[in-house]
Protein chains: 2
Amino acid sequence: MAQKRIARRSGEFDLIARFFKPLAADAAARGLDDDAAVFDPPPGRSLVVTTDMLSAGVHFLPRADPADIAWKALAVNLSDLAAMGAAPVGYTLALALGDDADDAWIAAFASGLGAAQAAFGVALLGGDTTATPGPTTVSVTAIGTVEAGCAVPRSGARPRDIVCVTGTIGDGALGLRTAQGETLGLSHADAAYLSARYTRPTPRLGVVDGVAGVHACADVSDGLVADAGHIADASGVAVVIEAAAVPLSDAARAAVAADPTLLETVLTGGDDYELVCAVAPDMMIEGLIPVGRAEAGAGVTVVDADGIPMPLGRAGWTHR
Amino acid sequence: MAQKRIARRSGEFDLIARFFKPLAADAAARGLDDDAAVFDPPPGRSLVVTTDMLSAGVHFLPRADPADIAWKALAVNLSDLAAMGAAPVGYTLALALGDDADDAWIAAFASGLGAAQAAFGVALLGGDTTATPGPTTVSVTAIGTVEAGCAVPRSGARPRDIVCVTGTIGDGALGLRTAQGETLGLSHADAAYLSARYTRPTPRLGVVDGVAGVHACADVSDGLVADAGHIADASGVAVVIEAAAVPLSDAARAAVAADPTLLETVLTGGDDYELVCAVAPDMMIEGLIPVGRAEAGAGVTVVDADGIPMPLGRAGWTHR
């Protein structure tokens, strides 16, 4: 967020300086005054870098709270680092501000970014802003480090590995619907819980970092079935998921009880930002919940309590 | 450019795999198959990271050649690294594709990116694409390295330093006008030269890397006066630029001869992507052309051949 870039929109310079400079307190960001940020990677660690872009009307609801948008933009990038077993260092931000992104919007956005920074222990390294006649678009690049040689790929799963997740599945997809005003037959508290899981996901940082026996990992952004499928494809194995073993939150369990067809949404919906991993069969790892296994073969099968494959209409998740 | 992110737009998966995977040949990008890229920074070097975003209708002409857009998106980020004295390693790309960005557009964009990669010695590390109802927007984050402790700030200029540039000034701002169809009284060849300087700028990588005596540096993106002003402000010095010493291309010289008021455009226009530096007074550094000096004081003054300050209507550059 070199100042030169920001002054192009009348009055924006002061605003950005006021709201974004405090987020760049890390010395690496050089107070956003230089052309780029500079930092020293810890010796013996590899750098890990990932980029995700969120666009109004595609990745977030047009009238979403800007603080939630900021939180999610950072969280989904940190989730990619978490899936690699990497610890975050910082991030850059490129922000295309639509006509509706006024001063109050930017202030709320910056506050949400600050809350996420504090929650996840990262700092703004730099960025760029521009005005756009189109929808507001937020692009974040997150940078982290991992012990050299210890980044967790998608391609390492082996037959007999246990397939695990880091937390409850389906909250994101159900939460998208409650955030849009659907009740799903839920109490207000349950609906609010799911909405919050959708709007403010928690990247599972630190769960697979440096843990021996984690052969492959991905984050659950496209849906459990689709993301397990990415591991299966990259690893050349089949993944079998036992539907009854997939952990559900009380709220998601209540929603599925009210409408059993929502189980498919739970299994194939996205935006959970839990991790799905393949772990050596003799390993019990804290924070990982077994949901199935890897086998020789290809693709993902979900089986019911009797071991019978369940038909699933969608393999993953497509943005509305 | 994790595959999961790309498959969301019908048919896009194959296209991106075909056009972008070859750009990610570096092992760090892991074939774009993992959640993030991984690379090992050279020991003893600091990491440098910068982000710039280009949006159709703001930073590039709506009907611009997609290959030129790609080139420029990468070049302007590498220019920020160059200004820090950093050598590039790679970059990530976040691409919001507007309705007019069809398969042919993406193919042309990827070809321009490939040409720029080859010219500047970098590789695609990863990225994200999304469809947008708004204008196509390209966000690049470039990563480089610099000898630890040797990053060049904006804030190091001292009184008596020589202010230098790395090449001809004003070609970018004049080239924007020729690219829009103005002749500026120029020959076809001169107009084409200026247009090319605007559409395919060359980042001045390697000029100030590890060179003792370069106290401060910025790239000329907002205009020579504005960017020299950033050094003056950050360093707490005044900068005096001698208009007659500013190097002009033959084409720019011809344009100014035809219309002397264009001299102001040359001095205050942007998009040159040369560097402006403050250098210790006893240093003569290859590739650097003296244009003025730093003094005690504040702000930027441009003086004519008689040492008389010239009035300048604009301090820098605002996007159309």
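Just so we're clear, the structure is a prediction, and the values are computed from it rather than from any experiment.

Peer 1: Any chance you could explain helix α7 (residues 224-235) of chain A here in plain terms?
Peer 2: Since one α-helical turn is 3.6 residues long, residues separated by three or four positions face the same way. Residues and elements named next belong to chain A. Between the first and last C-alpha of α7 there are 16 Å, a value that for twelve residues agrees with the 16 Å anticipated at 1.5 Å per step. Of all the twelve residues making up α7, ten are buried; the element is thus mostly covered by neighbouring parts of the structure. Where α7 is concerned, the buried positions are Leu-224, Val-225, Ala-226, Asp-227, Ala-228, Gly-229, His-230, Ile-231, Ala-232 and Ser-235. Looking one or two residues beyond α7, the residue adopting positive phi is Gly-236, at roughly 70°.

Peer 1: Which parts of the structure should I look at to understand the confidence of the model for chain A?
Peer 2: Residue and element names in this part refer to chain A. For chain A, per-residue confidence averages 89 on the pLDDT scale, and residues scoring 70 or more make up 91% of the total. Here residues 1-10 is a poorly scored stretch, pLDDT under 50, and it has 46 contacts once near neighbours within four places are set aside; other chains count. Within the model, the stretch residues 315-320 combines pLDDT values under 50 with 22 contacts to residues more than four positions away or in other chains. Both scores are available for the predicted complex, with the pTM at 0.89 and the ipTM at 0.86.

Peer 1: Before we go on, may I ask you to explain the interface of chain B and chain A in this structure?
Peer 2: As a measure of interface size, the accessible area lost when the parts come together is often cited. Between chain B and chain A, the contact holds 61 residues from the first and 61 residues from the second. Here chain B packs against chain A, burying approximately 4800 Å² in sum over the two surfaces, 54% of which is carbon and sulfur. Across the contact surface, chain B and chain A share eleven residue pairs in polar contact (both at pLDDT 80 or more). The dominant element in the side of chain B that touches chain A, judged by the number of residues it contributes, is strand β2 (residues 45-55) of chain B, at ten residues. Split by residue class, the side of chain B that touches chain A holds 28 nonpolar, 17 polar and 16 charged. In the sheet, strand β1 (residues 37-39) of chain A pairs with β2 of chain B via three bridges, with the strands oriented antiparallel. What sits directly across from Val-38 of chain A, in β2 of chain B, is Val-48 of chain B.

Peer 1: What exactly am I supposed to notice about unusual backbone geometry here?
Peer 2: The phi torsion of most residues other than glycine is negative, and most of the peptide bonds are trans. Phi at Asp-271 of chain A takes a positive value of approximately 70°, unusual for a residue other than glycine. Here Asp-271 of chain A lies in the loop between α9 (262-268) and β9 (275-279). Given the relative accessible area of 4%, Asp-271 of chain A is considered buried. Positive phi values are uncommon outside glycine, yet Tyr-273 of chain B reaches one of about 55°. For Tyr-273 of chain B, the location among the structural elements is in the loop between α9 (262-268) and β9 (275-279).

Peer 1: It is not clear to me how the side chain of Ser-79 of chain B should be interpreted in this structure. Could you clarify?
Peer 2: Residue and element names in this part refer to chain B. Tracing the backbone shows Ser-79 in helix α3 (residues 66-83). Note on Ser-79: relative accessible area 0%, which makes it buried. Each residue touching Ser-79, except ones within four places of it in the same chain, is listed here: Pro-203, Asp-219, Tyr-273 and Leu-275.

Peer 1: Help me understand the nonpolar core, please; the structure alone is not making it clear to me.
Peer 2: Membership of the largest hydrophobic core comes to 41 residues, with the highest contact counts inside it found for Phe-20, Leu-93, Phe-109 and Leu-113 of chain A. Listing elements by their share of this core, those giving two or more residues are β2 (45-55), α3 (66-83), β3 (87-97), α4 (103-120) and β5 (137-147) of chain A. The element that contributes the greatest number of residues to this core is α3 of chain A, accounting for nine residues. One finds Val-38 of chain A together with Val-76, Met-84 and Leu-97 of chain B within the second-largest nonpolar core, a separate group that totals 40 residues.

Calculation notes
- Once a new chain begins, its residue numbering starts again from 1 and follows that chain's sequence as written.
- In the order they appear in the text, chains get letters beginning with A and ligands get numbers beginning with 1.
- Restriction of local features to residues with pLDDT of at least 70 applies here, the model being predicted, together with a cutoff of 80 or more for giving and counting side-chain atom pairs; totals for whole chains, interfaces and linings are based on all residues.
- Only hydrogens and water are removed before side-chain values are computed, so all heavy atoms of the structure are retained for them.
- Comment: elements are numbered from the N terminus, with helices defined as DSSP H or I runs of at least four residues and strands as E runs of at least two.
- The length a helix should cover is 1.5 Å for every residue beyond the first.
- Remark: exposure states derive from per-residue accessible area (1.4 Å probe, protein chains only) relative to the maximum for the residue type, with buried under 20%, exposed over 50%, and partly exposed in between.
- On a scale of 0 to 100, pLDDT captures the predictor's confidence in every residue.
- In what follows, residue pairs with any heavy atoms lying within 4.5 Å of each other are defined as contacts.
- A 1.4 Å probe defines the accessible area here, and the buried area is the portion of it lost by two parts on being joined, summed over both.
- Side-chain atoms alone can form a polar contact between residues adjacent in sequence; in general such a contact is a pair of N or O atoms within 3.5 Å, and within protein one must be able to donate a hydrogen while the other accepts it.
- Each residue is assigned to one of three groups, with Ala, Val, Leu, Ile, Met, Phe, Trp, Tyr, Cys and Pro labelled nonpolar, Asp, Glu, Lys and Arg labelled charged, and all others, Gly among them, labelled polar.
- The criterion for strand pairing is that DSSP finds at least two bridges linking the strands in question.
- In this description, a nonpolar core means a group of buried Ala, Val, Leu, Ile, Met, Phe, Trp, Tyr and Cys residues linked to one another through side-chain atoms lying within 4.5 Å.

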